[in-house]
Amino acid sequence: MSLSIPVFYGSYRSDRMGIRLADYIVAGLAARGDKPELIDAKAIDLPMLDRMYKEYPKGEAPPAMEKLAETIRDADAFVFVTGEYNWGMQPGLKNLTDHFLEEWFWRPAAIASYSAGRLAGARANSMWHPTLSEMGMVVISSTLTVGPIAQTLDEQGKTTGDAGKSLDRAFPRFADDLSWWAQAAKTQRAAKAPPY
């Protein structure tokens, strides 16, 4: 079964390297027969959160927000690709996710983190688990942690060296777990309408 999986990426930096990981994940999911879509927070460029999507009168949300709400509602699962800034979350990705709430409900989420160093964004990765859970998603236990990213993925998002081989070994389990939860959640949503 082909799954619709938006892949969210949140860096606004000019020399951002995490896009390599986002591209790798999109390519990997597509190769499995799924329908991934890169959602780049910088390209969408929502303002700092003032009003959530649900706080706009019907039909009056900004067009980019309306389109993204539809993408989220139509998704079977999500992947969040996050860097680590000063032991914390990327503000661009957090701002994008906070514009929505009910749209996320009853779907699984997977987290992939990266950094320039060897800790591979693990601290930001762990911060996203309770945040996404609070937003109504089931966060799968499999994660990807990539670092140093420049030694793992080239500019085209292709793996390189030993670190790249390690990522290639980890990705199938990550994708399999996300697929399992996505199919389970899809079955449940079809059997019983969510209470929202």
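All of the points below concern the structure found in this document. (Residues numbered from 1 in each chain as written. Predicted model: local features only at pLDDT ≥ 70, side-chain atom pairs only at ≥ 80, totals over all residues. Heavy atoms only, no water.)

The subject of this paragraph is the nonpolar core. Leu21, Ile25, Leu29, Val79, Val81 and Phe171 are the most contacted members of the largest nonpolar core, which totals 28 residues. Of all the secondary structure elements, the ones that give two or more residues to this core are strand 1 (4–9), helix 1 (19–31), strand 3 (78–83), strand 4 (107–114), strand 5 (137–146) and helix 6 (161–191). It is helix 1 that contributes the most residues to this core, seven residues altogether. Excluding anything up to four places from it in sequence, Leu21 contacts Val81, Ala112, Ser113, Tyr114, Val146, Ile149, Leu153 and Leu167. Counting residues in hydrophobic clusters, the runner-up holds 25 residues, among them Met65, Phe78, Met89 and Leu93. (Core = buried A, V, L, I, M, F, W, Y, C linked by side-chain atoms within 4.5 Å. Buried < 20%, exposed > 50% of the residue type's maximum accessible area, 1.4 Å probe, protein only. Helix = DSSP H or I, 4+ residues; strand = E, 2+ residues; numbered from the N terminus. Contact = heavy atoms within 4.5 Å.)

A separate point is the packing of helix 1 against helix 6. Where helix 1 meets helix 6, the closest approach of the two axes is 11 Å, and the angle between their N-to-C directions is 60°. The pairing of helix 1 with helix 6 is recorded here as oblique in orientation. For helix 1 against helix 6, the interelement crossing comes out right-handed. Where helix 1 abuts helix 6, its residues Leu21, Tyr24, Ile25, Gly28 and Leu29 lie against Leu167, Asp168, Phe171 and Ala175. A breakdown of the residues in the contact of helix 1 with helix 6 according to their chemical character gives seven nonpolar, one polar and one charged. (Axes fitted to C-alpha atoms, helices over the stretch in contact; angles between N-to-C directions. Parallel < 35°, antiparallel > 145°, perpendicular 65-115°, else oblique. Left-handed = near helix turned anticlockwise from the far one by under 90°. Nonpolar A, V, L, I, M, F, W, Y, C, P; charged D, E, K, R; others polar.)

Here we come to unusual backbone geometry. Only a minority of non-glycine residues have a phi that is not negative, and only a minority of peptide bonds are not trans. Cis peptide bonds are those with omega within 30 degrees of zero, and the linkage from Gly147 to Pro148 qualifies with -5°. When you line up the elements, Pro148 lands in the loop between strand 5 and helix 6. Phi angles above zero are rare outside glycine, and Asn86 is one such case at about 50°. Residue placement: Asn86 occurs in the loop between strand 3 and helix 4 (91–98). Residue classification places Asn86 among the exposed positions, given a relative accessible area of 79%. Backbone geometry places Trp87, a non-glycine residue, at a positive phi of 70°. One can find Trp87 in the loop between strand 3 and helix 4.

Before going further, it helps to spend a moment on the pattern of salt bridges. Summed over all chains, the structure comprises eight salt bridges. Among the ionic pairs, Asp176 bridges to Arg32, the shortest N-O distance being 2.9 Å. Here Asp176 is found in helix 6, whereas its partner Arg32 is found in the loop between helix 1 and strand 2 (35–40), with 144 residues between them in sequence. On the basis of relative accessibility, which here comes to 36%, the residue Arg32 falls in the partly exposed class. (Salt bridge = Lys/Arg side-chain N within 4 Å of Asp/Glu carboxyl O.)

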